[in-house]
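Okay, here's what each chain looks like letter by letter:
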Amino acid sequence: MMLKTTTALAAPTRRGFLAGAAAGGLALGLGLNNRVQAAEPKKGGTLRVGYTQGSTSDSLDPATYANDFMFATSYAVFSTLVEIAPDGTAQPDLAESYEATPDARVWTFRLRDDATFSDGKRVSAADVVSSIRHHMGPESKSGVKPLLAQIKDIRADGDNVVTFELEDGNADFPFIFNDYHLTIRQDTNGAIDPESRIGTGGYVIEAFEPGVRIELKRRDDYWKAGRAHFDKVVLLKVGDPAARMNALMTGEVDLIDRPDLKTIHLLKRNSNVKIHTQNGTLHYTMPMHVTAAPFDDVNVRLALKHAIDREAIVQKVLKGYGTVGNDHPIASSMPFYNAELEQHAYDPDKAKHYLSKAGLSSLDATLHTADAAFNGAVDASVLFSEAAKGAGINLKVAREPDDGYWSNVWLQKPFCCSYWGGRPTPDLMFSAGYAATADWNDTLWKNERFNQLLAEGRSQLDQALRAEIYGEMQQLCQTDGGALIPAFGQYVSAMNTKIQTPEHVSEMWDLDSVRFIERWWMA
């Protein structure tokens, strides 16, 4: 089978946004929302981005990446073996081609001849081997480590070919190498320097202050034609949504992610701003640790899943930029989506029924939340608390600090708010967040049948059988798992009208699957 397939900016303020919004309100309603861009790319300009995420603990070590700020940096400065195209397929990036044996156990990747690092060194098979092994060692804490556990052997066959031998067949194996952790670094005696700034991407780092900003400059010798158009890029951490929106309104930045949906109408009034939306795999979750009382009782989990008003969250919190979820992570746009599952809906009587099965007439629980979890998480939590009262559930909302939320709350508290950007295939999504051995299994759920099916589905090449397997796995998540998934959201960003995008963008993750720095340009 062959598948050939340095501009330092002061942090904008919330007060500034309110003033900017008032000024924007005077503008005529000439916003260019959702206009499809098809102009030819051109070089030049400085892109300034106001990003929601970013942490003072960020580092260039790819094993540590845990937020969008570093994902965007990773794809701009480094490269992966494959990338996800707008049609959802895995296309070669540093790899020129890849092929598998008929049982999908052995995969061979052939590297491009012209790909170089920013110091001029040509990319070699040894670089790839050392970069992948960085995430596989016994001491590795990399989030992608569980996905690589299937690799039995990895070896360089000459300078240009890398061969992976797997424990079992995996029909989706190439998709793994789009992961932002798996960027390729230079080999040095069988290892990599994880803090090295020398990459194969279209940009080099000029300045980096973790949790504050990073400044990038385009490589003049970039090997990939038709990519990397901006002269410079400045990413700024602007956590406060009002300050982020003000920065766009006043021209301090050119692009922001996650505008506040409650006030997004103010951006639409500004003729210099356009709203960009993408459907995709983004979903909002409320993971329960199934090992901690009272969530260790499946009936309590089901009671909570029926005590939340999903439609109200979509309409009141997401302002219609989303759809209701059904307590599993597979989006309707993904392969093997199970459309036959009964939709979980707000039903206080059914919630009481499950409480009764748990031997309870009422329930006290605490939901830890912050808008760092997702835009509107606090409002969604309050709505959940109000709705749950009808089922006899006293849900206390504990608002946590945004700073440090992903270190101190997610994976630490037994019931909290979170989100997933999703993955391109069910196997990758389940392996990253639901497998018993996954480091990011944020519910600590270990279902024997689910994990058996996960292994079977990965090696199964019959597509009809794969559909049955992944359909059952979605049902197990819904009825037994610890993840309450109230909604799937659209990716929403906002930018000035000078920013241009391809006619079709990759919708797996926000901002062209976080590869906007390389793919977009300025008019």
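Conventions used here
Throughout this document, residue positions are counted from 1 along each chain, in the order its sequence is written. In keeping with the model being predicted, local features are shown solely for residues with a pLDDT of at least 70 and side-chain atom pairs are shown and tallied solely at 80 or more, while totals for entire chains, interfaces and linings include all residues. Water and hydrogen atoms were dropped before computing side-chain values, which therefore reflect all heavy atoms in the structure. Only runs of H or I of at least four residues qualify as helices and only runs of E of at least two qualify as strands under DSSP, and these elements are numbered from the N terminus. Between the two quantities, the radius of gyration covers C-alpha atoms and the globule rule is 2.2 Å times the number of residues to the power 0.38. Think of it in three bands: with a 1.4 Å probe and only protein chains considered, a residue is buried below 20% of the maximum accessible area for its type, exposed above 50%, and partly exposed in between. In this description, accessible areas are obtained by the Shrake-Rupley approach with a 1.4 Å probe, and a residue is regarded as covered only by the protein chains that are shown. One bridge is not enough; two strands pair if DSSP finds at least two bridges between them. In this description, a line fitted to the C-alpha atoms serves as the axis of each element, helices being fitted only across the stretch in contact, and the angle between N-to-C directions of two axes falls anywhere from 0 to 180 degrees. One speaks of a salt bridge when a side-chain nitrogen belonging to Lys or Arg is within 4 Å of a carboxyl oxygen belonging to Asp or Glu. In summary, the pairing rule links any two rings of Phe, Tyr or Trp, Trp by its six-membered ring, whose centres are within 6.5 Å, and it sorts them by plane angle into stacked for under 30 degrees, edge-to-face for over 60 and tilted for everything else. The quantity known as pLDDT measures the predictor's confidence residue by residue, on a range of 0 to 100. Any two residues having at least one pair of non-hydrogen atoms within 4.5 Å are treated as being in contact. For the purposes of this section, nonpolar cores are sets of buried Ala, Val, Leu, Ile, Met, Phe, Trp, Tyr and Cys residues that join through side-chain atoms within 4.5 Å. Pairs of N or O atoms are called polar contacts if they sit within 3.5 Å, as long as, within protein, a hydrogen donor faces a hydrogen acceptor (for residues adjacent in sequence, only side-chain-to-side-chain pairs).

Draft legend 1. Molecular detail of the overall build of the protein. Assigned secondary structure in the protein consists of 16 helices and 22 strands. Since a compact globule built from 523 residues should have a radius of gyration of about 24 Å, the 23 Å found for the protein is in line with a globular shape. Dimensions of the protein, computed from C-alpha atoms along their principal axes, come out at roughly 70 × 60 × 35 Å. Looking at the protein as a whole, 58% of its 523 residues are labelled buried. Entry remark: accessible area of the protein is about 20100 Å², with carbon and sulfur atoms responsible for 49%.

Draft legend 2. Spatial organisation of the sheet that holds strand β19 (residues 483–489). One open sheet accounts for four strands, arranged β15-β19-β14-β18; its pairing is antiparallel. In this open sheet, the two strands that pair with only one neighbour each are β15 (322–324) and β18 (418–420). Strand-to-strand twist in this sheet, taken as the mean axis angle between neighbours without regard to direction, amounts to 30 degrees. Relative to β19, strand β14 (residues 283–287) runs antiparallel, the two being bridged by four bridges. Bridging across to β19, P287 finds its partner in A483.

Draft legend 3. Just the pattern of salt bridges, in detail. Summed over the entire model, instances satisfying the criterion amount to 32 salt bridges. The salt bridge partner of K224 is D93, with a shortest N-O separation of 2.7 Å. With K224 in the loop between β10 (213–218) and β11 (232–237) and D93 in the loop between β4 (90–92) and β5 (95–100), this residue pair connects regions lying 131 residues apart in the sequence. D93 carries the same exposure label as K224, and that label is buried.

Draft legend 4. How the structure looks around the sheet that holds strand β2 (residues 46–51). Spatial ordering of the open sheet is given by β9-β10-β11-β2-β12-β20-β13, a layout of seven strands whose pairing is mixed. Each edge of the open sheet is held by one strand with a lone partner, namely β9 (203–209) and β13 (273–278). With direction set aside, neighbouring strand axes in the sheet form an average angle of 20 degrees. Note: strand β12 (residues 255–257) against strand β20 (residues 491–496), three bridges, orientation antiparallel. In the sheet register, D257 faces β20, and the bridge partner there is S493.

Draft legend 5. Expanded view of the packing of aromatic side chains. Counted according to the given criterion, the structure contains 26 aromatic pairs. Ring centres 5.4 Å apart and planes at 85 degrees place the aromatic pair Y405 and W406 in the edge-to-face group. Taken together, a centroid distance of 5.9 Å and an interplanar angle of 70 degrees make the contact between W410 and W440 edge-to-face. With W410 in the loop between α11 (405–408) and β18 and W440 in the loop between α12 (426–433) and α13 (448–459), this pair connects stretches of sequence that are 30 residues apart.

Draft legend 6. Summary view of the pairing of strand β8 (residues 161–166). Taken across its six residues, β8 has five buried, putting it largely inside the fold. In this sheet, β8 lies alongside strand β6 (residues 106–111) in antiparallel orientation, the contact comprising five bridges. Among the inter-strand pairings, R110 is bridged to a residue of β8, identified as V161. Examined bridge by bridge, strand β7 (residues 151–156) and β8 share five bridges and lie antiparallel to one another. When the sheet's bridge partners are listed, I151 is paired in β8 with L166. Between β7 and β8, which pair antiparallel one after the other, the connecting turn spans four residues, and G158 there sits at a positive phi close to 85 degrees.

Draft legend 7. Representation of the confidence of the model for the protein. Taken as a whole, the protein shows an average pLDDT of 91; of its residues, 93% reach a score of 70 or greater. Low pLDDT, under 50, characterises residues 1–37; the stretch is placed with 73 contacts to residues that sit more than four places away or in other chains.

Draft legend 8. Region of interest: the nonpolar core. Of all hydrophobic cores here, the largest spans 156 residues; its most connected members are F109, F164, L267, L304, F384 and F516. Broken down by element, the residue count for this core peaks at seven residues, all from helix α2 (residues 68–77). With near-sequence residues (within four places) excluded, F384 lies in contact with M286, L304, A307, I308, L367, L395, F415 and L484.

Draft legend 9. Broad picture of the environment of G137. Relative to the assigned elements, G137 resides in the loop between α3 (125–133) and α4 (145–148). It is 44 Å that separates the C-alpha atoms of G137 and A345, two residues lying 208 residues apart in sequence.

Draft legend 10. Spotlight on the side chain of S418. By the secondary structure assignment, S418 is in strand β18. In this structure the side chain of S418 is engaged in a polar contact, spanning 3.3 Å, whose partner is the side chain of W410. Among residues more than four places away in sequence, those in contact with S418 are Y284, T285, P287, A373, F374, W406, W410 and D442.

Draft legend 11. Representation of the pairing of β5. Sheet topology note: the β5/β6 ladder contains five bridges and is antiparallel. The residue bridging A100 from the neighbouring strand is W107, located in β6. Turn length for the β5-β6 hairpin, with the two strands adjacent in sequence and antiparallel, is five residues, and the turn residue A104 shows positive phi of about 60 degrees.

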